[in-house]
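Chain by chain, the residues run as shown.
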Amino acid sequence: MLGPRPMCWHGAGKLELTVWNPEREGDWMTCVEGADAVIHLAGAGIFDERWTPERKEVIWSSRVRSTELLAHAIAGASKRPRVFISSSAIGHYGLHCGEHVVAEEDPGGDDFLARLTSAWEAAAEPARLAGVRVCHPRTGIVLGTRGGILAKLIPAFRAYMGGPIGDGRQYVPWIHIVDCVRALEHAMEHDNFDGPFNVTAPEPVTMNDFAHKLGEALERPSHVRVPALAVKLAIGEGADAILCGQRALPRKLVSDGFAFVFPEVTSALADLVSH
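Residues numbered from 1 in each chain as written. Predicted model: local features only at pLDDT ≥ 70, side-chain atom pairs only at ≥ 80, totals over all residues. Heavy atoms only, no water.

By the naming in an unreviewed UniProt entry, the chain goes by Cell division inhibitor and is assigned to Labilithrix luteola. UniProt annotates the chain under Sequence similarities (unreviewed entry) with the comment "Belongs to the NAD(P)-dependent epimerase/dehydratase family. SDR39U1 subfamily." (UniProt positions renumbered as here; feature names shortened; annotations may be inferred.)

Spelled out as structure tokens, the structure:
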């Protein structure tokens, strides 16, 4: 598994740590030799900073360049991994602010994040051409208490300042972190599984519903709406990805027999809040 602190899984319980530079070739590339699987999740935070042209370049290169290097390393290995799981995102489908449903068979959008995911997935092509099975988890909003959107929202709700973001009608393509990890394991373990697949819960909800359910889980009101203007002032162009959303369904996982531990948001939030 290659991320900010890369790990390679070589099977039989062997886990090897190595240091890498995701922008440059180096000795770390030999890590993939003989690995059972490579899982690549690295990339600069999408909403950590305002989207300046420089920040957008960091977001882009941290994903596309690192994937290119890994794919070439895998293709050049004498004993290649049997699977390369190279991350993508649900933003692939573009911005949909209404009831429109998207699944794996739908085309990509034309905004920045959609173009990014297309380039990100294409960067893994050398591994695929070398005969390695390649999977692209198009991940939605992962719910966990140690980071991400939930870690930002919970303090506001606990302080009686929580509520929906924007008009609240946009869909939230959420998934519990437990199911996110299990979906990656599913892709790793099933040899017939390849290509892009949505890593989202089967029951997406609107932001209004999400805020209401989070308030219930925390026993707090959810009436303090975050104005769209405030989001736009904070992160600029990136606000569109928050104020719109995707009503994404994990059809490929479901059709392959994957069973969600947390298929609906009420139980997911109750579990996370309890921890």
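Novice: Please provide a residue-by-residue account of the packing of aromatic side chains, values included.
Specialist: The tally for this structure, following the rule as stated, stands at 6 aromatic pairs. Geometrically, the ring pair formed by W20 and W28 is edge-to-face, given 4.9 Å between the ring centres and 85° between the ring planes. The pair W20 / W28 is uniform in exposure class, with both members buried. Ring centres 6.4 Å apart and planes at 0° place the aromatic pair F47 and W51 in the stacked group. (Phe/Tyr/Trp six-rings, centres within 6.5 Å; stacked < 30°, edge-to-face > 60°. Buried < 20%, exposed > 50% of the residue type's maximum accessible area, 1.4 Å probe, protein only.)

Novice: Please provide a residue-by-residue account of a nonpolar patch on the surface, values included.
Specialist: A cluster of nonpolar side chains, I177, V178, V181 and V261, forms an exposed patch at the surface whose accessible area comes to about 290 Å². Secondary-structure assignment places I177 in helix α5 (residues 177-189). (Patch = residues over 30% accessible without salt bridge, like charges linked within 9 Å, V, L, I, M, F, W, Y side chains within 5 Å. Areas by Shrake-Rupley, 256 points an atom, 1.4 Å probe, with all protein chains shown as cover. Salt bridge = Lys/Arg side-chain N within 4 Å of Asp/Glu carboxyl O. Helix = DSSP H or I, 4+ residues; strand = E, 2+ residues; numbered from the N terminus.)

Novice: So what about the UniProt feature "domain: NAD-dependent epimerase/dehydratase" (unreviewed entry) in the chain? Which residues, and what values?
Specialist: The UniProt entry lists residues 33-193 under the feature "domain: NAD-dependent epimerase/dehydratase" (unreviewed entry), expressed in the numbering used here. Annotation note: span residues 33-193, helix share 40%, strand share 17%, distance between end C-alpha atoms 22 Å.

Novice: Account for unusual backbone geometry, naming residues and giving values.
Specialist: The backbone of Y160 sits at a positive phi, close to 65°, despite the residue not being glycine. Relative to the helices and strands, Y160 is located in the loop between α4 (148-158) and β9 (171-172). Residue class for Y160 comes out partly exposed when judged on its relative accessible area of 48%. In this model, E219 sits at a positive phi of 55°, which is unusual for a non-glycine residue. The residue E219 is located in the loop between α6 (207-218) and α7 (228-235) in this model.

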